[in-house]
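# Coordinate analysis (summary)
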Amino acid sequence: MQRWHGLEEIPGDWGRSVVTIGSFDGVHRGHQLIINRVVELAGELGAKSVVVTFDPHPSEVVRPGTHPPLLAPQPRRAELVEQLGVDAVLVLPFTAEFSQESPEYFVRSVLVDALHAKAVVEGPNFRFGHRAAGNVDLLAELGRADDFTVEVVDLQVRGAAGDGEPFSSSLCRRLVAAGDMAGVAEILGRPHRVEGEVVRGAQRGRELGYPTANVDTVPYSAIPADGVYAGWLTADGETMPAAISVGTNPTFDGTARTVEAYAIDRVGLDLYGQHVAVDFLAWLRGMEKFDSVDALLERMAEDVKRARELTERP
């Protein structure tokens, strides 16, 4: 899959495309419906499939300070899109100037001149251009003038998550914040992941016999609610069952909120400086302040046992 950052990186001989545009944070199951249709339609039309997205998130430019917690950083989103069989991802730098462009300018500069769109696939609530003035009806109207069609995909995927609320990135963020990893996994079609670099912490886990990877998470990451979780730690291409702690370590009167992962039954791991991924499978318990280190150790042993059992299940 080709990855372009900006219109100038699109090859000059790029042919006709089937395109979809959006933030696609999390690439959840609703997003997957759109992207799968893009790939399918591109095959039918003999064109290339392209996903267009933005960096940074448009809300941070239009309304500074309102950047939502991200379900997946940009590189991870590209990986997920690639797994769906897309030919190219175009990341458009979202600037204040770009936000002022009209819907007509966006269509002409991006869809027509740069990507030579043959078809565009979107959800019914798609908006684009300055002040989100463009919608799917305007897009279809412009497409008739510029030789591309518009197909609208129904995104109303529902399940048990959110008591039957339609799947969306905003619902997923709420469930992450509540620690509902089962609901999040239903929406995403996979466990929620947090990424970052392993940095040195207080090293209390090592002293207690449970050395953890202290993850300096990617900015704006959607961090689950404080508590202990079962999941996996992936480092250097290896995925290991893990017990994960999110919180401030209240037993030791901590104040900084951290994400720490203990790779179960692994010894001698040196992950400092490595970029790792932490996947959250299940919530085990809330964060607690214990009266003694011995009480904490007893509970940690139970947490690790439970995490091992959960991650060993098919």
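Residues numbered from 1 in each chain as written. Predicted model: local features only at pLDDT ≥ 70, side-chain atom pairs only at ≥ 80, totals over all residues. Heavy atoms only, no water.

### A closer look at the overall build of the protein
Threshold: Helix and strand definitions follow DSSP, with helices as H or I runs of at least four residues and strands as E runs of at least two, each counted in order from the N terminus. In this scheme, a residue with accessible area under 20% of its type's maximum is buried, one over 50% is exposed, and one in between is partly exposed, where area comes from a 1.4 Å probe on protein chains only. We call two residues contacting when some pair of their heavy atoms lies within 4.5 Å. To be clear on the numbers: accessible area is Shrake-Rupley with a 1.4 Å probe, and residue cover counts the displayed protein chains and nothing else. In this tally, Lys and Arg are treated as positive and Asp and Glu as negative; His is ignored, and so are the chain termini. Throughout, a charge is located at the NZ atom of Lys, the CZ atom of Arg, the CG atom of Asp or the CD atom of Glu.
Scanning the protein for helices and strands turns up ten helices and twelve strands. C-alpha extents for the protein along the principal axes are approximately 75 × 35 × 35 Å. Taking all 314 residues of the protein together, 48% fall into the buried category. In the protein, 70% of the contacts between residues at least 6 apart in sequence involve partners at least 24 apart. For the protein, the computed accessible surface area is about 14800 Å², with 49% contributed by carbon and sulfur atoms. Taking the average place of the 30 positive charges on the side chains of the protein and the average place of its 46 negative ones, the gap between the two points comes to 3 Å.

### Digging into the domain arrangement of the protein
Often, the extent of an interface is quoted as the loss of accessible area upon association of its parts. Stated precisely, the cut-off is as follows: Domain start and end points were adopted from an automatic or database domain assignment. Once two parts are brought into contact, the accessible area they lose, counted with a 1.4 Å probe and summed over both, makes up the buried area. Each salt bridge in this description consists of a side-chain nitrogen of Lys or Arg and a carboxyl oxygen of Asp or Glu lying within 4 Å of one another. As used in this structure description, the phrase polar contact means that two N or O atoms lie within 3.5 Å; if the pair is within protein, one of them must be able to donate a hydrogen and the other to accept it, and residues adjacent in sequence are counted only when both atoms belong to side chains. Gly is put with the polar residues, along with every residue not named as nonpolar or charged; the nonpolar set is Ala, Val, Leu, Ile, Met, Phe, Trp, Tyr, Cys and Pro, and the charged set is Asp, Glu, Lys and Arg.
Its domain assignment divides the protein into domain 1 (2-155), domain 2 (159-190) and domain 3 (192-312). Here the C-alpha centroids of domain 1 and domain 2 sit 24 Å apart. Contacts between domain 1 and domain 2 engage twelve residues on the former and eleven residues on the latter. Looking only at domain 1, the three residues that lose the most surface to domain 2 are His28, Arg29 and Leu71, adding up to 58% of its buried area. For the interface between domain 1 and domain 2, the tally reads one salt bridge. Between Asp25 and Arg173 there is a salt bridge, with its nearest N and O atoms 2.9 Å apart. One can count seven residue pairs in polar contact (both at pLDDT 80 or more) joining domain 1 with domain 2. Counting residues per element, the ones that place at least two in the side of domain 1 that touches domain 2 are helix H1 (29-45) and helix H3 (74-83). A class-by-class count of the residues in the side of domain 1 that touches domain 2 yields five nonpolar, four polar and three charged.

### Comments concerning the sheet that holds strand S11 (residues 258-263)
The following threshold applies: DSSP-based pairing: two strands are paired if at least 2 bridges between them are found. Lines fitted to the C-alpha atoms define the axes, with helices restricted to the stretch that makes contact. Angles between their N-to-C directions range from 0 to 180 degrees.
Read around the closed barrel, six strands run S7-S8-S11-S10-S9-S12, paired in antiparallel fashion. Recorded for the sheet is a direction-independent mean angle of 45 degrees between the axes of neighbouring strands.

### Description of the sheet that holds strand S3 (residues 48-55)
The strands making up a sheet associate through hydrogen bonds between their backbones, and the pairing can be parallel or antiparallel. One open sheet holds the six strands; their spatial order is S1-S4-S3-S2-S5-S6, and the pairing between them is parallel. Bordering the open sheet on either side are strand S1 (2-5) and strand S6 (149-152), each of which pairs with just one other strand. Geometrically, the sheet is characterised by an average inter-axis angle of 25 degrees between neighbouring strands, direction not taken into account. Here four bridges tie S1 to strand S4 (residues 88-93), and the two strands are oriented parallel to one another. Within S4, the residue paired with His5 across the bridge is Val91. In the packing of helix H6 (residues 136-146) onto the sheet, contacts are made with strand S5 (117-122) and S6, and the angle to S6 comes to roughly 155 degrees.

### Let's talk about the packing of aromatic side chains
Heads up, the rule is: Aromatic rings from Phe, Tyr and Trp, with only the six-membered ring used for Trp, were paired whenever their centres fell within 6.5 Å, and each pair was classed as stacked if the ring planes differed by under 30 degrees, edge-to-face if by over 60, and tilted otherwise. The rule is short: NZ of Lys or CZ of Arg within 6 Å of the ring centre and within 35 degrees of the ring normal puts a charge over the ring.
In total, this model carries nine aromatic pairs according to the counting rule given. Plain terms: the ring middles of Phe106 and Phe128 are 6.0 Å apart, the flat faces sit at 50 degrees to each other, and that makes the pair tilted. Highlighted residues: Phe106 in helix H5 (residues 103-114) and Phe128 in the loop between S5 and H6, separated in sequence by 22 residues. Classification of Phe106 by relative accessible area gives buried; the value is 6%. Under the relative-accessibility criterion, Phe128 is labelled buried at 5%. Ring geometry for Tyr210 versus Tyr262: centroids 5.2 Å apart, planes at 85 degrees, classification edge-to-face. Placement of the pair is Tyr210 in the loop between helix H9 (204-208) and strand S8 (213-217) and Tyr262 in strand S11, with a sequence separation of 52 residues. Here the two residues Tyr210 and Tyr262 agree in accessibility, since each one is buried. Three or more aromatic residues joined by ring pairs form one cluster here, namely Phe54, Phe94, Phe98, Phe106, Phe126 and Phe128. The residue whose ring lies beneath Arg200 is Tyr272, and the NZ or CZ to ring-centre distance is 3.9 Å.

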